[in-house]
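Summary of structural features
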Amino acid sequence: MHKSKLHRLLLCLSIVLMSPFSLANETLSLKQAFSNDFYIGASLKAEFVDTSNHANKQLINREFNSVTSANMLKWGPLNPKANTFNFNSADNFVEFGALNNHYVVGHVLFWHNQTPKWVFQHNKHKLLNREQLLARMNERVKLLSKRYTNEIHAWDVVNETILSNGQWRNSKWIEIIGEDFAEQAFIIADKHLPKSTELIYNDFGMTAPGRRDAVVKMVKQMKAKGIRVDGIGMQAHWSLNSPSIAEIEKSIVAFANTGVDVHITELDIDVLPREKSQFGANTKLKLPMTKHNNPYADGLPQAVDMALAQRYKDIFELFLKHKKSIKRVTFWGVTDQDSWLNNWPIKGRTSYPLLFNRHGQAKAAYQQVIGLKKQPVASSTK
Ligand code: GLA
């Protein structure tokens, strides 16, 4: 038999043997299985928390012990105009987290995307100056801190301000404030939020050597200046083959060596065809859908499901190896149905990046991940 076929067959067999109906894992959920290792989280959309009996609420509370707001706390959705605030969903999210004892993550204080133009402007013709923009940043954090004081346990303070080559991203933040934008953001967060609230720097493509080195340098410099940073968030929007486990490990180790916690903040594994150029955070990217780029509209072939299961197994094996450094592993979404990858970079595709299928049922990948807790794993190298 062909080697890869044999491998797939063995994997299938191991999945059947550890199905949720087998005795050992009958009642184990993800959060229970990893309770001594790291939080297991999911990002929630407004519809989850705004619908009192959303079908997935039970699933969220059974499997996860951490929740992240997908969009509700971003500047744009929360405060689209200078004096317009949409607190409803954000309040529901925070209340849901508190009622169900989740480790609640606020996402995100300062980002170049989903931030309205008015934030940077006096009026249509005039930008704010540095002091004025810093004052506006202070106002936002003060307001959020007052409203959700001890109910949000960690904040992504800055998202995506470093490019893969290590340079600062060209944004209104950098243009108006200057190269110390991230430093100022953490100073402001520390000034207004409780000391127990963890402050995180979050970014995508964190295995790119240029970005990895620049994040390490930035965090070390902040710490040297006495600026509080508690965590580095690796978004982890990955695909079946990339990045390699070795590259992911290099980044976990490099980030942990700065002395802060590593958070895996937005994990999903794309199984759909992706051009290299599509990696990244360009959420405005729109490409046409074809048969070729939407190959699994009628269901995921078993071979791909198995490959996804194997990929998740490899990744969680690595996370367990570094569990001393990793505080949390959060998936970007709960089920395949609500993943952003159904609409990015091509609208309307059928995507399968998470552990639960469109009906909220555990996939082969789930069985592989939870199955790891039955086996001894190598200890942390930290
Ligand atoms: C980035 C952001 C998230 C989200 C995803 C795509 O990773 O950090 O808030 O917008 O893109 O959904």
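The preceding data block contains the structure.
Described in the following lines is the structure provided in the data block. (Residues numbered from 1 in each chain as written. Predicted model: local features only at pLDDT ≥ 70, side-chain atom pairs only at ≥ 80, totals over all residues. Heavy atoms only, no water.)

Let us look at the environment of D261. With respect to the helices, strands and loops of the structure, D261 is situated in strand β10 (residues 261–270). Residue D261 is classed as partly exposed on the basis of its relative accessible area of 27%. Expressed as a C-alpha distance, the spacing of D261 and I200, which sit 61 residues apart in the sequence, is 8.8 Å. When sequence neighbours within four positions are dropped, the list of residues in contact with D261 reads E198, D230, G231, I232, S325 and K327. (Helix = DSSP H or I, 4+ residues; strand = E, 2+ residues; numbered from the N terminus. Buried < 20%, exposed > 50% of the residue type's maximum accessible area, 1.4 Å probe, protein only. Contact = heavy atoms within 4.5 Å.)

On to helix α6 (residues 88–99), then. Over its 12 residues, α6 extends 16 Å from the first C-alpha to the last, a length consistent with the 16 Å expected when each residue adds 1.5 Å. Against the buried residues of α6 lie β1 (39–44), α3 (46–50), α4 (57–63), β2 (66–69), α5 (75–78) and β3 (103–110). Of the residues trailing α6, N101 is marked for its positive phi of about 60°. (Expected span 1.5 Å × (residues − 1).)

Turning next to the site of the ligand. Close contacts around the ligand come from K74, H107, W111, Q114, N159, E160, Q235, H237, E266, W332 and W340, and that covers them all. Within the side chain of K74, a nitrogen or oxygen atom sits 2.7 Å from an oxygen atom of the ligand. W332 is positioned such that a nitrogen or oxygen atom in its side chain is 3.3 Å from an oxygen atom of the ligand. In isolation the ligand has 300 Å² of accessible area, and contact with the protein removes 92% of it. Across the shell around the ligand, the residue classes break down as 3 nonpolar, 5 polar and 3 charged. (Near = heavy atom within 4 Å. Polar contact = N/O pair within 3.5 Å; in protein donor to acceptor, adjacent residues only side chain to side chain. Areas by Shrake-Rupley, 256 points an atom, 1.4 Å probe, with all protein chains shown as cover. Nonpolar A, V, L, I, M, F, W, Y, C, P; charged D, E, K, R; others polar.)

In the structure shown here, the tally under the stated rule is 18 aromatic pairs. Relative to F319, the ring of F316 has its centre 5.3 Å away and its plane inclined at 65°; by these criteria the two rings are edge-to-face. Within this pair, F316 and its partner F319 are both found in helix α12 (residues 302–321), separated by 3 residues, close to a single helical turn. The class for F316 is buried, based on a relative accessible area of 0%. The exposure class assigned to F319 is buried, which follows from its relative accessible area of 0%. Taken together through their ring pairs, the aromatic side chains of F34, F38, F64, Y312, F316, F319, F331, F356 and Y366 make up a single cluster. Above the plane of the ring of F204 lies R211, whose end atom (NZ or CZ) is 4.4 Å from the centre. Seen from the ring of Y352, R358 lies directly overhead, with NZ or CZ sitting 5.1 Å from the centre. (Phe/Tyr/Trp six-rings, centres within 6.5 Å; stacked < 30°, edge-to-face > 60°. Lys NZ or Arg CZ within 6 Å of the ring centre and 35° of its normal.)

Let us look at the pairing of strand β8 (residues 231–234). Every second residue of β8 is oriented toward a common face, with G231 and G233 on one face and I232 and M234 on the other, all of them buried. Pairing geometry for strand β7 (residues 198–203) and β8, over 4 bridges, is parallel. Each bridged residue has a counterpart across the sheet, and for D203 the counterpart in β8 is M234. One crossover worth recording links β7 to the parallel β8 by way of helix α10 (residues 209–224), and it is right-handed. (Pairing = 2+ DSSP bridges. Right-handed = clockwise from strand over helix to strand, strands pointing away.)

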